[in-house]
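Residues per chain, in single letters:
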Amino acid sequence: MKKILIYIILFIAFTGKISAQKSAVIFGYVTDEDRRPLELVNIAISNIAGGTSTDRNGYYELTVPAETEITVLFSFVGFDMRARNFNLTEGERKSLNMTLFQSTTQLPGFDVISEIYRETNLTRINPKVAVVIPTPGGGIESIIKTLPGVSSTNELSYQYSVRGGNYDENLIYVNDIEIYRPLLIRSGQQEGLSFINSDMVSSVLFSAGGFDARYGDKLSSVLDIQYKKPSGFAGSFSGSLLGGSAHLEGVAYGKITYIMGFRHKSNQYLLKSLESKGDYKPSFSDFQALVTYDYNPKWEFGLFTNIAQNSYRFIPSTRETKFGTINEALKLKIYFDGQEVDKFDTYFGAITSEYKPNNFTRIKHILSTFRSNESETFDIMGQYWLYQLENDFGKDDFGNEAFERGVGTFLQHSRNYLTADVISLEQKGSRIKENKHLQWGFKYQHESIKDILKEWTLIDSAGYSMPNPEDSVGYTQPNLQEDYDLELNELIQTTISLKSNRMSGFVQNTWQLYFDSTKITLSAGIRANYWDFNSQLLVSPRATVSIAPNWEKDIMFRFSTGMYHQPPFYRELRDFNGLINQNVKAQESIHFVLAGDWNFQAWNRPFKFVTEVYYKHLNNMIPYEIDNVRIRYHSDKISKGYATGVDFKINGEFVNGIESWAGLSFLQTMEDIIGDYYYDYYNSDGQLIVPGYTLNNTAVDSLRNEPGYIPRPSDQRINFSLFFQDYLPRNPNYKMHLSLLYGTGLPFGPPKTDKYRHTLRMPSYRRVDIGFSVLLKSEEKILPDKHVLRFFKSIWLTAEVFNLLQINNTISYIWVSDVSNRQYAVPNYLTPRMLNVRLVVNL
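So, a few notes on the structure that sits alongside this text. Just so you know, these numbers come straight off a predicted model, no measurement behind them. (Residues numbered from 1 in each chain as written. Predicted model: local features only at pLDDT ≥ 70, side-chain atom pairs only at ≥ 80, totals over all residues. Heavy atoms only, no water.)

Looking now at the pairing of strand E26 (residues 490–515). Where E26 meets strand E27 (residues 518–531), 14 bridges bridge the pair, whose relative direction is antiparallel. Along E27, the bridge assignment pairs Ser 504 with Asn 529. Connecting E26 to the next strand, E27, in antiparallel fashion are two residues, including Asp 516 with a positive phi near 55°. (Pairing = 2+ DSSP bridges. Helix = DSSP H or I, 4+ residues; strand = E, 2+ residues; numbered from the N terminus.)

The next point concerns the packing of aromatic side chains. Counted according to the given criterion, the structure contains 37 aromatic pairs. Measuring from centroid to centroid gives 5.8 Å for Tyr 180 and Phe 370, while their planes differ by 35°, and the two rings are tilted. Of this pair, Tyr 180 sits in the loop between strand E13 (177–178) and helix H3 (188–191) while Phe 370 sits in strand E22 (residues 361–389), placing them 190 residues apart in sequence. Using a relative accessible area of 11% as the deciding quantity, one classes Phe 370 as buried. For the ring pair Phe 195 and Phe 304, a centre distance of 6.3 Å and an interplane angle of 80° mean the geometry is edge-to-face. Taken together, the positions of Phe 195 in the loop between H3 and strand E14 (201–207) and Phe 304 in strand E20 (residues 299–324) put the pair 109 residues apart, joining distant regions of the chain. Here the two residues Phe 195 and Phe 304 agree in accessibility, since each one is buried. Cation over ring: Arg 93 sits above Phe 27, and NZ or CZ is 4.6 Å from the ring centre. Here Arg 502 stacks its cationic end above the ring of Trp 531, 4.1 Å away from the centre of that ring. (Phe/Tyr/Trp six-rings, centres within 6.5 Å; stacked < 30°, edge-to-face > 60°. Buried < 20%, exposed > 50% of the residue type's maximum accessible area, 1.4 Å probe, protein only. Lys NZ or Arg CZ within 6 Å of the ring centre and 35° of its normal.)

With that out of the way, let us pick up the pairing of strand E35 (residues 658–673). The buried fraction of E35 amounts to 13 of the 16 residues, a majority that puts the element mostly inside the structure. Strand direction decides the pairing type here: strand E34 (residues 639–655) and E35, joined by 15 bridges, are antiparallel. Looking across to E35, one finds that Gly 641 is bridged to Glu 671. In terms of strand pairing, E35 meets strand E38 (residues 709–711) through three bridges, oriented antiparallel. Looking at the pairing, Asp 672 lines up with Tyr 709 of E38.

For Thr 561, the location among the structural elements is in strand E29 (residues 554–566). In the structure, Thr 561 is positioned 423 residues away from Gly 138 in sequence and 33 Å away in space, judged by C-alpha atoms. Ignoring any residue separated from it by four or fewer positions in sequence, one finds Thr 561 in contact with Arg 542, Ala 543, His 591 and Phe 592. A polar contact is formed between the side chain of Thr 561 and the backbone oxygen of His 591, at a distance of 2.9 Å. (Contact = heavy atoms within 4.5 Å. Polar contact = N/O pair within 3.5 Å; in protein donor to acceptor, adjacent residues only side chain to side chain.)

Moving on, we get to the side chain of Glu 354. Mapped onto the elements, Glu 354 comes out in strand E21 (residues 329–355). In this structure the side chain of Glu 354 is engaged in a polar contact, spanning 3.4 Å, whose partner is the side chain of Arg 362. Not counting chain neighbours up to four residues away, the residues in contact with Glu 354 comprise Arg 35, Lys 298, Trp 299, Glu 300, Arg 362, Ile 363 and Lys 364.

Pairing in this open sheet of four strands is antiparallel, and the strands run E3-E2-E5-E6 from one edge to the other. Because the sheet does not close on itself, it has two edges, and the strands there are strand E3 (52–53) and strand E6 (79–86). As paired elements, strand E2 (residues 42–45) and strand E5 (residues 70–76) share four bridges and run antiparallel to each other. The residue of E5 that forms the bridge with Ile 43 is Phe 74.

Structure, rendered in structure tokens:
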């Protein structure tokens, strides 16, 4: 009893001392990188018991000692702890809004993908996975390609298609600013660097469809990137056989933060492995910098800039490709003359200001400009021989050249120059109040494009120019001979100048409602867009509702729907002859997405299983053809169609402590080109006339056909992806990471033919990349003062094997003809098995 009495007296004395101390108050809101309020964040004073936590709106209020130095700590599961130092006067009320940045569940030095935004169609991704995922391209896009619903069949390109869309249908934002890519690029070899510098990224959000009205006017997907706002000095540099990068970040004078990165890439090592031999000289470099200035608690200013210089030079010499079947084995051999020289230089700059009039409201202004100077010049002549290979296993010369099937020459010429300027002024705002989150925005954009096209192709097959025009061979009286033009196989020669203005805006609100123990989140908004080039006003309503019932199992259901319009930018306006169609209207897609999200435990480890079923109704679509990464639109045609499918994804700790994931997708996307038809012609024997095959080509009858629905170029029916990580049980500093991609073949067809004939299928895309890494220096390891490595936080050394199974994947085809004018599709193969070594150092 005496001990209890002593404890009570001590407690009263202690609390009396605390209450007698001078005090102040700190209050504000805690959000994540995307300004979403965080509930139950712990706020405490270092070395002093007690504290508080945020409410549902992220708001907190904490009484702290005054007239003394204190450190306030903000911590929340799944996010990095942050600290702020204060020395407040008695009775002072200090406003402090804090942003927490997501951390990861990891073994030492190994980061993993993070949790989905369950109430929305956005998936949050950890950008640090880009450092370890074994792919030739690297970067954030390498992670995106492993997600369900995403398709990519070219490891040399950072482009991807989503749920039946094409590359032009994907939105990319960096710090709330829409990013554009060069327009003339036609192959992955020319692409070089993605705009996104993964060393500078803090947050990645991705949606494969059904996204909110706050995101812009594209049909398929949105990738939302936020760059870091540093809290201290850090840096990194890396180097490999494919290039290198370096970045620095820090804080100056307490109010200025900076982060900058430089990258250089030369995929010469990869390109030399392709079947087209020659002198490859690619060079891709860029510099990015982001600087912010906190003028006062209400105003923040920012400067964001990017300079990219990309050049590609190729002097081809020879090419040899074997293809066909056992019954008809063929070989194409080409000898080249000439060269290709391309340059793609882009410049980007943005000035931002962010105003916070109170703890509930934020208003951001963005002035940005983008310029792209592009040139594509080449003169290449190729002399080709098409051989039939010996296919009799019993002969000694099996597999060797048996006889010639065709011989010819082609000459390709290009002098294409394009300059594009985009200037935009934008305001975005948000207000959080109780259980509502209101967002709005308005944007004005001016575009100026000048395009000079001069491109032609001449084909000489078996001594005859194709197409073969009338000529004057055999005339004996020159004065009676007619003049005949030389017809080229392809000719584009035009100059285009286009200036236009766009205005767009949106407003959306999010409500969180509770019925008993069931949580319902509703987000609804509307978006409008006007383009003065075609005088079209578009209105796009969108909505998402999620339901989290209070069940024993942690399951959430989500449904999204909305209308999505994509006004033409430039390429959609230009037809195959280089002419602009001023009557092109916006493409339209209506999304319906139903999703189920289940968190569960297996082997006492966390897992997540997500299923999404979707249907997209497509209208006023512009048919297109794709060759490698070059998209060419039939701007004089219109189609209707659909895309439907289901995506599955499971991710979790298949190996204790680190996360892996797998995705499986089924898709069908079809289109019906309005007003298209064709005729079948029959000879006197009743046979269907097929050029190059039928002997009697004199037509006596015909039959009109309407093709109806045909596969779109992105119709990849099945797609499977896997990213798996493992480590040595007794030494987790030795790790393995594996990436596997499988996709069924895409449709294609002969060049210069109607779209209904593009129903052939490429072989399936199959690729396995694997990497092995070792941690040479960890952050926890303390070295002597004189040790040369003491300044480095961590050092990783990685060995990678690209295309482990040595599979010849096809990206496109070159078409050649034999003496009977029969066409053959010769595959253009991607890279074979290659080795790479990479060193990553963090400061």
